[in-house]
Protein chains: 2
Amino acid sequence: MGQQGEFKVTPWTVEGLVDYEKLMRDFGTEPLTPQLKDRFVRLAGEDHLLIRRGIFFSHRDLDRVLDDYEAGRGFFLYTGRGPSGPMTLGHIIPFYFTKWLQDRFRCNVYIELTDDEKFLEESRNLTIEDVRKWSFENALDIAAVGFNPDRTFIFQDMEYVRNMYPMVLKIAKKVNFSWVRAVFGFDMSTNIGMIFYPAFQICVTFFEKRRCLIPAAIDQDPYWRIQRDIAESFGYYKTAAIHCKFLPPLTGPSGKMSASQPESAIYLNEDEKSIRRKIFQAFSGGQPTVEEHRRLGGNPDVDVPYQWLHFFFEEDDEKLRRIREEYSSGRMLSGEIKEILVEKVTGFLEKHNTRREDAREKLSLMKYEGRLAKEMWSKTIE
Amino acid sequence: MGQQGEFKVTPWTVEGLVDYEKLMRDFGTEPLTPQLKDRFVRLAGEDHLLIRRGIFFSHRDLDRVLDDYEAGRGFFLYTGRGPSGPMTLGHIIPFYFTKWLQDRFRCNVYIELTDDEKFLEESRNLTIEDVRKWSFENALDIAAVGFNPDRTFIFQDMEYVRNMYPMVLKIAKKVNFSWVRAVFGFDMSTNIGMIFYPAFQICVTFFEKRRCLIPAAIDQDPYWRIQRDIAESFGYYKTAAIHCKFLPPLTGPSGKMSASQPESAIYLNEDEKSIRRKIFQAFSGGQPTVEEHRRLGGNPDVDVPYQWLHFFFEEDDEKLRRIREEYSSGRMLSGEIKEILVEKVTGFLEKHNTRREDAREKLSLMKYEGRLAKEMWSKTIE
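Residues numbered from 1 in each chain as written. Chains lettered and ligands numbered in written order. Predicted model: local features only at pLDDT ≥ 70, side-chain atom pairs only at ≥ 80, totals over all residues. Heavy atoms only, no water.

1. A look at the packing of helix 5 (residues 89–105) of chain B against helix 15 (residues 304–313) of chain B
Residues and elements named next belong to chain B.
Thought 1: At a closest axis distance of 12 Å, the pairing of helix 5 and helix 15 adopts a crossing angle of 25°. Judged by the inter-axis angle, helix 5 sits roughly parallel to helix 15. Contact with helix 5, carried on its side by Leu89, Ile93 and Tyr96, involves Trp308, Phe311, Phe312 and Phe313 of helix 15 and no other residues of that element.
Thought 2: In terms of residue class, the contact of helix 5 with helix 15 is built from seven nonpolar, no polar and no charged. (Axes fitted to C-alpha atoms, helices over the stretch in contact; angles between N-to-C directions. Helix = DSSP H or I, 4+ residues; strand = E, 2+ residues; numbered from the N terminus. Parallel < 35°, antiparallel > 145°, perpendicular 65-115°, else oblique. Contact = heavy atoms within 4.5 Å. Nonpolar A, V, L, I, M, F, W, Y, C, P; charged D, E, K, R; others polar.)

Structure follows, in structure tokens:
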């Protein structure tokens with residue numbers, strides 16, 4: 001890798017232009033190689049654009065997950081959401097991938113709403129009522145993704161805590177302050193709730209005695225490093241993970257979309273007018289004037305609208321290739337590429353929000369009444 | 001105070017000969033003055049030997065508790081037990097005092113079994129199953145004390161956690177690592193569970209919007225210092241406390257009775273033979289030979305059997321005075337004073353254990369079915 005600017009990735013901040021190669025080395029994760037992708041796609045029975053396009057780019061023990069699958073031992077999926085505000089496109093995409101994994105591998109999915117964590121984060125200034133409200137709102141969006149209601153358990157830490165607490169204590173007893181300081185950068189001024197919280201996020205990997213696979217953005221990986229150091233002492237598997245990149249913010253290729261910077265993100269409940277306005281203001285790789293653009297062409301590698309099409313919104317590789325060509329050559333203008341993205345995003349959100357309307361009943365299955373949820377409420381993790 | 005040896009008092013250790021005057025100064029608590037005692041006894045409507053004899057010797061805001069009582073605002077009582085093993089006489093005495101307070105002031109009592117804390121204490125090496133078992137056994141002893149089943153709530157943190165968790169989080173958010181390090185001596189190697197735990201112990205002081213009075217040994221006071229610094233920011237009262245001394249260990253006047261040093265303590269389920277053996281081996285203020293004892297007399301101020309009679313077991317002040325006189329003058333031998341104590345202790349434990357036999361039903365009222373317990377299970381503390 002050449003010289004790079006400074007960047008920072010923790011579970012609570014993503015700053016700067018992320019060098020994903022360096023992150024893999026720093027975190028000690030493995031690249032998703034072409035061979036492993038092939039095996040994965042073969043076992044899944046179909047391809048997924050987030051794999052094909054390298055958006056999921058890194059992993060831990062994905063090969064072992066596939067071994068377990070082939071050997072009939074199976075595995076389970078775990079992902080989560082910090083209910084600190086309305087969800088954005090960047091938040092929901094990994095859930096669509098997780099649903100695809102559930103469908104292809106027929107496995108249980110556990111979705112943790114970390115209401116405790118979001119309350120404890122001091123910079124957010126949220127009340128208990130706020131995180132409860134966002135837990136409900138976010139859970140509806142997650143239910144709208146279409147998970148199998150009998151194989152999915154959505155829970156809030158504040159509600160499910162009694163069932164998890166013995167295992168949470170076992171984890172907490174194995175982890176001391178120096179360790180969380182080294183992994184998360186905690187210091188003397190960190191509140192004691194935040195210091196304890198990692199035990200909650202780790203606990204879910206012990207919901208079954210099978211291997212856990214976590215599809216999530218790479219900023220969550222520090223938790224899994226601790227998990228992997230202690231799991232076997234409890235007779236559980238080290239968790240596996242498959243890591244994705246961050247959907248670039250509309251404001252430019254650095255950092256990640258943030259619900260607290262409204263201009264950087266598109267919310268799931270945003271109307272077409274506002275979507276159009278934000279996309280038309282997005283960071284562009286085009287030239288300042290039409291004349292220059294026709295002559296020099298646009299740069300798709302920094303153009304956020306193009307990046308979004310690449311990341312998720314243009315599923316057809318051939319169409320994407322043509323857009324890239326047209327844009328680079330100057331035949332396609334920035335306004336035109338933005339128009340394509342507006343159409344894709346509004347189409348996606350229209351379908352999402354229609355399903356969200358009907359998701360209340362499904363959500364109550366995933367939280368309380370479905371097969372897996374009932375089983376989870378009747379047991380204690382320890 | 002004159003020169004004193006080193007001593008150490010924390011919620012987890014009591015070492016050396018405790019200088020209670022110095023402890024009051026270090027902790028910043030107030031002495032229980034004769035005037036305050038008089039007012040307390042007048043409002044209680046009767047005297048109690050633990051007050052009269054100065055076993056409860058220090059307090060925080062007891063005067064305000066009495067103001068609240070007189071003004072009709074009332075108050076509630078909170079005490080607890082770390083379920084790490086069988087209970088000793090030293091553990092149960094404050095519960096008898098708490099029951100007396102409940103009877104005299106007709107108030108609610110909350111009794112926290114800190115199963116989480118005892119699991120997390122690494123030196124104890126207890127499993128989740130161990131602390132569950134001891135929670136049940138200890139709760140039976142506590143129920144045997146005779147609390148009012150409709151005004152008493154006995155709970156284990158691991159069971160009641162869901163109802164407490166929002167308030168626990170609010171507390172945890174206000175307390176950082178430097179603070180618990182300064183108050184409890186935590187360091188880099190302290191596990192993250194122990195670091196978080198103080199929020200649980202503090203939470204109970206917020207179970208009602210009235211003033212809380214905590215009758216407990218003074219080693220628990222550090223928690224209340226933190227509570228008093230944050231309570232008003234939540235719109236709650238600073239907790240009040242009334243502090244007792246430690247029943248001296250049989251092995252000598254230093255430290256406190258410890259269930260983990262069997263010779264230092266008498267367990268509630270111990271048989272007469274074993275009680276007799278331990279008391280006869282106890283640290284004595286008598287002289288090495290009968291002749292010398294008759295000539296020089298015994299020293300009741302270091303004699304553990306005499307101290308136990310003074311602490312709790314000889315209720316009659318006049319009888320106690322005579323024992324002191326006889327023993328000091330040499331007319332009463334060490335064996336005789338020990339015989340008196342054996343009789344008192346076995347009589348006390350016989351009554352206690354008879355009540356324990358019948359306490360199962362009462363315990364289930366205090367835990368789940370009684371008026372206060374039902375109310376507590378139906379609400380969330382926040």
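That covers the picture; the talk isn't over yet.
2. Observations concerning the packing of aromatic side chains
Thought 1: On inspection of all chains with the given rule, the structure shows 74 aromatic pairs over all chains.
Thought 2: Each ring, one from A:Tyr160 and one from A:Phe207, has its centre 5.9 Å from the other, and the planes form 65°; the classification is edge-to-face. One end of the pair, A:Tyr160, is in helix 8 (residues 157–174); the other, A:Phe207, is in the loop between helix 11 (198–203) and strand 8 (211–217), with 47 residues separating them in the sequence.
Thought 3: On the basis of an interplanar angle of 90° and a centroid distance of 5.0 Å, the ring pair of B:Tyr160 and B:Trp377 is categorised as edge-to-face. Of this pair, B:Tyr160 sits in helix 8 (residues 157–174) while B:Trp377 sits in helix 19 (residues 371–377); the two residues are 217 residues apart in sequence, bridging distant segments of the chain. (Phe/Tyr/Trp six-rings, centres within 6.5 Å; stacked < 30°, edge-to-face > 60°.)

3. What about the sheet that holds strand 4 (residues 56–60) of chain A?
Residues and elements named next belong to chain A.
Thought 1: Taken in spatial order, the seven strands make up an open sheet running 3-4-9-8-5-6-7, and their pairing is mixed. The sheet terminates laterally at strand 3 (30–31) and strand 7 (152–156), the two strands that pair on one side only.
Thought 2: Across five bridges, strand 5 (residues 75–81) lies against strand 6 (residues 109–113) in parallel orientation. Residue Thr79 lies in a different strand from strand 6, and its bridge partner there is Ile111. (Pairing = 2+ DSSP bridges.)

4. A few points about the confidence of the model for chain A
Interpreting fine coordinate detail is not advised for predicted regions of low pLDDT.
Thought 1: The pLDDT averaged across chain A works out to 95; a share of 98% of its residues lies at or above 70.
Thought 2: We note a pTM of 0.95 for the whole complex and an ipTM of 0.94 for its interfaces. (pLDDT = per-residue confidence, 0-100.)

5. Topic: the relation of the copies chain A and chain B
Thought 1: For the pair chain A and chain B, the relating rotation is 180°, the translation along its axis is 0.0 Å, and the fit reaches an RMSD of 0.0 Å. Put plainly, the chains are arranged around a two-fold axis. The C-alpha atom lying nearest the rotation axis in chain A is that of A:Arg162; the distance is 2.7 Å.
Thought 2: Taken as a fraction of all interface residues of chain A, those also at the interface in chain B reach 100%, which identifies the copy contact as same-surface. (Least-squares fit on C-alpha atoms with pLDDT ≥ 70 in both.)

6. What to know about the pairing of strand 9 (residues 240–244) of chain A
All names here are of chain A.
Thought 1: Across the five residues of strand 9, five count as buried, placing the element largely inside the fold.
Thought 2: Burial along strand 9 is two-sided: Ala240, Ile242 and Cys244 facing one way and Ala241 and His243 facing the other are all buried.
Thought 3: Two elements, strand 4 and strand 9, share four bridges in a ladder whose sense is antiparallel. Note that in strand 9 the partner of Ser58 across the bridge is His243.
Thought 4: For strand 8 and strand 9, the ladder comprises five bridges, and the chain directions are parallel. By the bridge assignment, Leu213 is partnered in strand 9 with Ala240.
Thought 5: Note on the crossover from strand 8 through helix 12 (residues 221–230) to strand 9: the handedness is right-handed. (Buried < 20%, exposed > 50% of the residue type's maximum accessible area, 1.4 Å probe, protein only. Right-handed = clockwise from strand over helix to strand, strands pointing away.)

7. Description of the interface of chain A and chain B
Thought 1: Taken together, the contact between chain A and chain B spans 39 residues of the former and 39 residues of the latter.
Thought 2: Across the interface of chain A and chain B, roughly 3,400 Å² is buried in total on both sides, 69% from carbon and sulfur atoms.
Thought 3: On the chain A side of the contact with chain B, A:Lys173, A:Met188 and A:Ile192 bury the most area, a combined 23% of that side's loss.
Thought 4: If you look at where chain A meets chain B, you find two salt bridges.
Thought 5: For the interface between chain A and chain B, the tally reads 18 residue pairs in polar contact (both at pLDDT 80 or more).
Thought 6: Elements that contribute at least two residues to the side of chain A that touches chain B include exactly helix 6 (115–120), helix 7 (128–144), helix 8, helix 9 (177–184), helix 10 (192–196) and helix 11 of chain A.
Thought 7: The element best represented in the side of chain A that touches chain B is helix 8 of chain A, accounting for eleven residues. (Buried area = accessible area lost by both parts, 1.4 Å probe. Salt bridge = Lys/Arg side-chain N within 4 Å of Asp/Glu carboxyl O. Polar contact = N/O pair within 3.5 Å; in protein donor to acceptor, adjacent residues only side chain to side chain.)

8. Thoughts on the packing of helix 15 (residues 304–313) of chain A against helix 16 (residues 317–329) of chain A
All names here are of chain A.
Thought 1: Running from N to C, helix 15 and helix 16 point in directions that differ by 165°, and their axes come no closer than 10 Å. On the basis of the axis angle, helix 15 is roughly antiparallel to helix 16. In the packing of helix 15 onto helix 16, the handedness of the crossing is left-handed. On helix 16, the residues touching Tyr306, Leu309 and His310 of helix 15 are Leu320, Ile323 and Arg324. (Left-handed = near helix turned anticlockwise from the far one by under 90°.)

9. Points about the environment of A:Arg162
Thought 1: Following the sequence through the fold, A:Arg162 ends up in helix 8.
Thought 2: Judged by relative accessible area, which is 35%, A:Arg162 ranks as partly exposed.
Thought 3: Note: C-alpha distance between A:Arg162 and A:Ser334 (172 residues apart in sequence) is 53 Å.
Thought 4: Contact partners of A:Arg162, with chain neighbours within four places excluded, come to A:Thr380, B:Met158, B:Glu159, B:Val161, B:Arg162 and B:Trp377.

10. As for the environment of A:Leu120
Thought 1: By the element assignment, A:Leu120 lies in helix 6.
Thought 2: A:Leu120 gets classed as buried once you look at its relative accessible area, which sits at 2%.
Thought 3: In the structure, A:Leu120 is positioned 85 residues away from A:Thr205 in sequence and 22 Å away in space, judged by C-alpha atoms.
Thought 4: Among all residues touching A:Leu120, those that are not within four sequence positions of it are A:Asn191, A:Gly193, A:Met194, B:Leu169, B:Ala172 and B:Lys173.

11. Looking at the pattern of salt bridges
Residue and element names in this part refer to chain A.
Thought 1: Scanning the model with the defined rule gives 64 salt bridges over all chains in all.
Thought 2: With its nearest N and O atoms 2.7 Å apart, the salt bridge here joins Asp317 to Arg53. Note that Asp317 is positioned in helix 16 and Arg53 in the loop between helix 3 (49–52) and strand 4, a separation of 264 residues in sequence.
Thought 3: Its salt-bridge partner being Glu121, residue Arg124 comes within 3.2 Å of it at the nearest N-O pair.
Thought 4: Taking the relative accessible area as the measure of exposure, Glu121 reaches 6% and is therefore buried.
Thought 5: The network of salt bridges with shared partners includes Asp47, Arg52, Arg53 and Asp317.

12. Details of the side chain of A:Thr79
All names here are of chain A.
Thought 1: Relative to the helices and strands, Thr79 is located in strand 5.
Thought 2: Overall, Thr79 belongs to the buried group, its relative accessible area being 6%.
Thought 3: The residues contacting Thr79, other than those within four sequence positions of it, are Phe95, Thr98, Tyr110, Ile111, Glu112, Pro215 and Ala216.

13. Some words on the layout of surface pockets
Residue and element names in this part refer to chain B.
Thought 1: One number sums up the size of the second largest pocket: a volume of about 1,100 Å³.
Thought 2: The set of elements that each furnish at least two residues to the lining of the second largest pocket consists of strand 2 (13–15), strand 5 (75–81), helix 5, helix 6 (115–120) and strand 8 (211–217).
Thought 3: Considering every element that reaches the lining of the second largest pocket, the biggest residue donor is helix 5, with five residues. (1 Å grid on protein atoms, 1.4 Å probe; cavity = no way out; pocket = protein on both sides within 12 Å on 5 of 7 lines; lining within 4 Å. Points joined across faces, edges and corners; volume = space filled by probe spheres on them.)

14. Overview of the sheet that holds strand 6 (residues 109–113) of chain B
All names here are of chain B.
Thought 1: Taken together, seven strands build an open sheet; the order of strands is 3-4-9-8-5-6-7 and the sheet is mixed. In this open sheet, the two strands that pair with only one neighbour each are strand 3 (30–31) and strand 7 (152–156).
Thought 2: Sheet strands touched by helix 4 (residues 62–70): strand 4 (56–60), strand 5, strand 8 and strand 9 (240–244). Its angle to strand 8, the strand with the most contacts, is close to 135°.
Thought 3: Along the sheet, helix 12 (residues 221–230) makes contact with strand 4, strand 5, strand 8 and strand 9, crossing strand 4 at roughly 20°.

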